[in-house]
Amino acid sequence: MKEGYFRRTGLPGVSGDRVFHSEIEVFTNQIQEIFGEQPGTSGGGIVCVLNGDIRGREAYRMLISPGGIEIQASEPAGIFHALQTVRQLILTGYNGGELAIPCGEIDDAPQFGWRGFMLDTSRHFYSVKTLRKFIDVLALHHISVFHWHLTDDQGWRFPVPGYPELINKGSRRVDCRSNWGRIFEGYYTEDDIKEVVAYAAARHIEVVPEVDIPGHASAILASYPELGCTGGPHHVRDTFGIFDDVLCAGNDAIYDFAAAVFDTLVRLFPSEYVHIGGDEVKTTYWEQCPKCRKRMEESGFERAAQLQGQVTVRFVRMLKERGKTAIGWDEVLENTDINSLPPELVVMSWRGKQGGQTAVAKGHRVIMSPLTDGCYFDYKNYDCYEEPGQHKITTVSQSYHLNPVADMTESQAALVMGGQGNLWSELIYADRLAEYMIFPRICALA
């Protein structure tokens, strides 16, 4: 902090090196949308300067003086995050047409590259307009990853060439819990996905898609029952929980299906990563299925659960062949005594911190998202029966105090990519309710 204020009547304009043109344009549009007025173009505003001495892709330095604000970075991502900090300062310092920001110097860089937020759009569908709104506010808080949960038992949300029933059947469910027969439906077209990805990229947010396989597959099997162990009948689930409907681990057709899905994701999402789920896979049908039992015998497995390790390894290798790195929920670590997991697989620890600690001990990179430590935003904000959300509690304080590298050695901590907050949408049926659940906990986590 330094003495004095940067004061100005009206909103300050932004200028700078041409390499930062896109970041300046996004910031200017954000400010205009918030206040309904165009930032000024005269002197005494904000200047963006290229400074190669600043180390770190997202790092920046900000100098606030009575004469203006100078921000420096070595890369566009750094300038973008600096401008988002300016956006925060304007939101707190602009009143009645007058701006006042305290003078000082800021040197800022993130501890973790992966600062994530996950939204479940399977249980309830959210429009592209809503996604854009969320992404823009996530950018304000320097979130760097939007994890897009696109499939689950309650709905499949994007088209896959050669598998049209995923949209025709898998994206729709009837609410059988009431006499109203309400239809829940929706999917994202390829143009929708490209729009969301581009909108996020302009805000330096990476969009990571998730398809949950081999479990949570009711929507898949309702569309293509031959991919399961029983042949059906199956239906897109209108209730919530963990179901026996999983892909048949003894049927090689599931890999043809996965190939088509992965090819689609590779084409639509430039991210290095694809999340393959892998959580809560029930083995009820695998234990009874002739194809699965034959595969177990051929592979020397004693337990049906070992089939999941085999399936996971193949999915990971398929993605690697396509230039992508797979992420899985922490269950992927289990039952891999025969089929060792490829080292490139990233583990997302959700059932607590133990999954992450186990993963780094085995040499895997990790993203910490423990439900026990303020990362699950579908839980209630407060211990009150009138609060929306699940029965457990996640307070802002818990989110704020998450330490992704707690109880780790220096070498283990080096494998931690960062942390993430998740909103599962079983009970979150509207965007305004989602806003209440996400904010301010994501702000604290960020």
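Residues numbered from 1 in each chain as written. Predicted model: local features only at pLDDT ≥ 70, side-chain atom pairs only at ≥ 80, totals over all residues. Heavy atoms only, no water.

I'd like to hear about the overall build of the protein chain, residue by residue, with values.
For the protein chain, the helix and strand inventory stands at 15 helices and 22 strands. The C-alpha radius of gyration of the protein chain comes to 24 Å, within 12% of the 22 Å expected for a compact globule of 446 residues. With respect to the principal axes defined by its C-alpha atoms, the protein chain has extents near 75 × 55 × 45 Å. Sorting the 446 residues of the protein chain into buried and exposed places 56% on the buried side. (Helix = DSSP H or I, 4+ residues; strand = E, 2+ residues; numbered from the N terminus. Rg over C-alpha atoms; globule rule 2.2 N^0.38 Å. Buried < 20%, exposed > 50% of the residue type's maximum accessible area, 1.4 Å probe, protein only.)

Describe helix H1 (residues 21-35), and please don't skip the residues or the numbers.
If you check H1, its first and last C-alpha atoms are 21 Å apart, about what 15 residues at 1.5 Å a residue would give, namely 21 Å. Among all positions of H1, only Glu23, Ile24, Val26, Phe27, Thr28, Gln30 and Ile31 are buried. For H1, the secondary structure elements touched by its buried residues are strand E2 (14-16), strand E3 (46-50), helix H2 (76-93), helix H3 (128-140) and helix H5 (190-202). (Expected span 1.5 Å × (residues − 1). Contact = heavy atoms within 4.5 Å.)

Break down the state of the cysteines for me, citing the residues and quoting the values.
Under the definition given, this model contains zero disulfides. Lacking any disulfide linkage, Cys48 is separated from the closest cysteine sulfur, that of Cys103, by 18 Å. A relative accessible area of 2% means that Cys48 is categorised as buried. The cysteine Cys443 is free of any disulfide, with Cys375 supplying the nearest cysteine sulfur at 14 Å. (Disulfide = S-S within 2.5 Å.)

Quick one: what's the story with the nonpolar core, residue by residue and with numbers?
Counting 112 residues, the largest nonpolar core has Phe117, Phe146, Trp148, Trp156 and Phe262 as its most contacted members. It is helix H7 (residues 253-268) that provides the largest number of residues to this core, a total of ten residues. Those residues in contact with Phe117 that sit more than four places away from it in its chain are Leu138, Ile143, Val145, Phe146, His147, Phe377, Gln420, Gly421, Leu423, Ile438 and Ile442. Counting residues in each nonpolar core, the second largest holds 22 residues, with Leu11, Cys48, Ala82 and Ile90 among its members. (Core = buried A, V, L, I, M, F, W, Y, C linked by side-chain atoms within 4.5 Å.)

Which residues make up the sheet that holds strand E8 (residues 104-108), and what values do they have?
Picture the strands of a sheet paired through backbone hydrogen bonds; they go either parallel or antiparallel. Read across the open sheet, the five strands follow the order E2-E3-E5-E4-E8; overall the sheet is mixed. Edge positions in the sheet fall to E2 and E8, since each of these pairs with one other strand and no more. Strand-to-strand twist across the sheet, computed as the mean angle between neighbouring axes with direction ignored, equals 15°. Note that E3 and strand E5 (residues 68-73) share five bridges and pair parallel. (Pairing = 2+ DSSP bridges. Axes fitted to C-alpha atoms, helices over the stretch in contact; angles between N-to-C directions.)

So what about the sheet that holds strand E6 (residues 94-95)? Which residues, and what values?
Taken together, the three strands give an open sheet; going across it, the order is E1-E7-E6, and neighbouring strands pair in antiparallel fashion. What marks the edges here is a single partner per strand, and that holds for strand E1 (5-9) and E6. As judged from the five bridges shared by E1 and strand E7 (residues 98-102), these two strands associate in the antiparallel manner. In the strand pairing of E7, Tyr5 is matched with Pro102.

I'd love a proper account of the confidence of the model for the protein chain, names of residues and values included.
Looking at the protein chain as a whole, its pLDDT mean stands at 96, while 98% of the residues score no less than 70. Here strand E14 (residues 183-185) stands out as the least confident element of the protein chain, with mean pLDDT 89; strand E15 (residues 206-210) is the most confident, with 99. (pLDDT = per-residue confidence, 0-100.)

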